[in-house]
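# Tertiary structure, described
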Amino acid sequence: MKKIITLLLAVLMLGACAGNKQEPAEEMKVEDLTIVTPKGAPVLAFYDQISNGNYTRVTADAINALWTGDSSPDVIVVDLSSGVNAIKNGAEYKLAAVITFGNFYLASTGNDEDGTLNEGDTVVLFGTEKMLPNKIWHYLYGDTFDENLKYEADVQTAAADLTAGVDLEGTPVDYVFVAQPALFGALKNNENAKVYADIQEEYKNKSGMDMIQAAVFVKNSVPQATVEAFLNNLQNSIENAIADPELVAEGLSIYTDEEATAQYGFNPKVVVNVFKQKNASGINAMGLGFKKAYDIKADIDAFLNVLGMEGTSEEIYFQ
C-alpha cells in the first residue's frame, strides 16, 4: 500500500510539473524586425532592405511620434540627441549603434549679394527645433539668425529650397543647412548654389571632436540574440557599401526617378559620386560608418555635452 501511495504522489508531481511548464517564447527573427529611418543619408545604411515590407522611411519630424504606443517599431534610426532625449522621457529603447558621422553642409543659394553669412540673411534648417540640425546650428552660430530661421520638414524639402532659391511659401532664402546626398543633387540643379561651409569642419574646429549624427535605437522587448544578429548584419552591409558603392546603387534601384526621390529623400543616381568625395573628417562625404554605441560612450557623452545635454548612463546602451 505504501508503494502505491508513493507511486501516485510521483505521478501527481509529474503532472503538476507538466502543467506548469512554460512553452519557450517564439523566437524573433531579424527579418521580422520593424525598422523606421528618416529619409536621407540613414537610408543608405539599409540599401539592402528597400524591398523589406517591415522597413519604412519617414520625414525627420515624423519620428517623434513613434517612440511609444503599440505601433512603435522595433528599430528607430534618428539623430543621437533626439533618441537620447526620448529614452529620458520614457521611451523603452536602448542606444545600440551610430551609423553616420558627418554629412552636414551649409550651402548658399546664390541670392546673398555679398556672399557672406551675416545678420539679416535667411537660413533654412530641416527637422524641428528639438532635432540635431537646429542644435548644431545654434552651437556653431548662436542666436544671431533666429529671426530669419526657417524650418522644413525634412532634408529633401530643404534641398528643394536650395535648388529653387525659395522656400515652400515662395520666400527667397540665402542659405540652406542640408545633408548629403540631397546636397549633391541640389547643387547640380542650381548653378548658382555652392557649399558655403563644411559643418563637420566647423564643428571640429570649435569642439575638437568629430561629428556624431544618426544613431540606431532598439526596442527593449527585442531579444538580445536578435539585436546582436541585426547589428552584425547592419555592420557588414555598411562596410560592404563603403568598399563598393555600386552595391548601394543597385539596392536603391528598386525605385527610380521622382518616385525614388520621394522614397529616399535624394536621387539615388548620385550615391556613387558622393561616396567618392570626402568630408572634413576624411571619410566618405555621406559620413556613413558603423560603431557600436557603447564602444564610443565617451565620444557620445562629449558630443551631448557640446549640445548642452548631460552625459549618458550605461543603462541606456545595448551591451
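What comes next concerns the included structure.

Before going further, it helps to spend a moment on the overall build of the chain. On a plain count of helices and strands, the chain comes out with 11 helices and 11 strands. Once the C-alpha set of the chain is aligned to its principal axes, its extents read approximately 105 × 40 × 35 Å. Out of the 319 residues in the chain, the part that is buried amounts to 50%. Sequence-distant contacts in the chain: of pairs separated by 6 or more residues, those separated by 24 or more amount to 74%.

The terminal C-alpha atoms of helix H7 (residues 224–243) lie 29 Å apart, and with 20 residues this matches the ideal 28 Å at 1.5 Å per residue to within 8%. Along H7, the positions that sit buried rather than exposed are Thr226, Val227, Phe230, Leu231, Leu234, Ser237, Ile238 and Ala241. Viewed along the axis of H7, the buried residues span an arc of 130 degrees, placing them on a single side of the element. Along H7, exposed side chains directed more than 90 degrees from the buried face belong to Ala225 and Ala243.

This part takes up the nonpolar core. With 106 residues, the main nonpolar core has Ile99, Leu106, Ile136, Trp137, Leu252 and Ile300 as its most contacted residues. Beyond its immediate sequence surroundings of up to four residues, Trp137 is in contact with Leu106, Leu117, Val123, Leu125, Gly142, Phe145, Leu149 and Phe177.

Scanning the model with the defined rule gives three salt bridges in all. A salt bridge links Asp167 to Lys150; the shortest N-O distance between them is 3.6 Å. Residue Asp167 is found in the loop between helix H4 (155–164) and strand S8 (175–179), and its partner Lys150 is found in strand S7 (residues 149–152); the two are separated by 17 residues along the sequence. Residue Asp167 is classed as buried on the basis of its relative accessible area, which comes to 9%. On the accessibility criterion, Lys150 (25% relative accessible area) is partly exposed.

Attention now goes to the pairing of strand S6 (residues 123–126). Neither face of S6 is exposed, since Val123 and Leu125 on one face and Val124 and Phe126 on the opposite face are all buried. Of the pairings in the sheet, the one linking S6 to S7 comprises four bridges and is parallel in character. Each residue of the ladder has a partner; that of Leu125, found in S7, is Tyr151. You can see the chain leave S6, run along helix H3 (residues 132–141) and come back into S7, and the turn it takes is right-handed.

So, on to the sheet that holds strand S10 (residues 214–219). Across the sheet, which stays open at both edges, the six strands sit in the order S2-S1-S3-S10-S4-S11 with mixed pairing between neighbours. Since the sheet does not close on itself, it has two edges, and those belong to strand S2 (55–58) and strand S11 (288–292), each with one partner. Each neighbouring strand pair of the sheet contributes to a mean axis angle of 25 degrees, computed without reference to strand direction. Inspection of the sheet shows strand S4 (residues 93–100) paired to S11 by three bridges, in the antiparallel sense. Residue pairing for S11: Ala97 is matched across the bridge by Lys292. Of the strands in this sheet, strand S3 (75–79), S4 and S10 are in contact with helix H2 (residues 80–88), which crosses S3 at around 125 degrees. Relative to S11, H7 is tilted by about 150 degrees, and along the sheet it contacts strand S1 (35–38), S3, S4, S10 and S11.

As for its position among the elements, Asp121 is in the loop between strand S5 (104–108) and S6. Setting aside residues up to four positions removed in sequence, Asp121 forms contacts with Asp112, Thr116, Phe145, Asn148, Asp174 and Tyr175.

Cut-offs applied
- Residues numbered from 1 in each chain as written.
- Predicted model: local features only at pLDDT ≥ 70, side-chain atom pairs only at ≥ 80, totals over all residues.
- Heavy atoms only, no water.
- Helix = DSSP H or I, 4+ residues; strand = E, 2+ residues; numbered from the N terminus.
- Buried < 20%, exposed > 50% of the residue type's maximum accessible area, 1.4 Å probe, protein only.
- Contact = heavy atoms within 4.5 Å.
- Expected span 1.5 Å × (residues − 1).
- Arc of directions from axis to C-beta.
- Core = buried A, V, L, I, M, F, W, Y, C linked by side-chain atoms within 4.5 Å.
- Salt bridge = Lys/Arg side-chain N within 4 Å of Asp/Glu carboxyl O.
- Pairing = 2+ DSSP bridges.
- Right-handed = clockwise from strand over helix to strand, strands pointing away.
- Axes fitted to C-alpha atoms, helices over the stretch in contact; angles between N-to-C directions.

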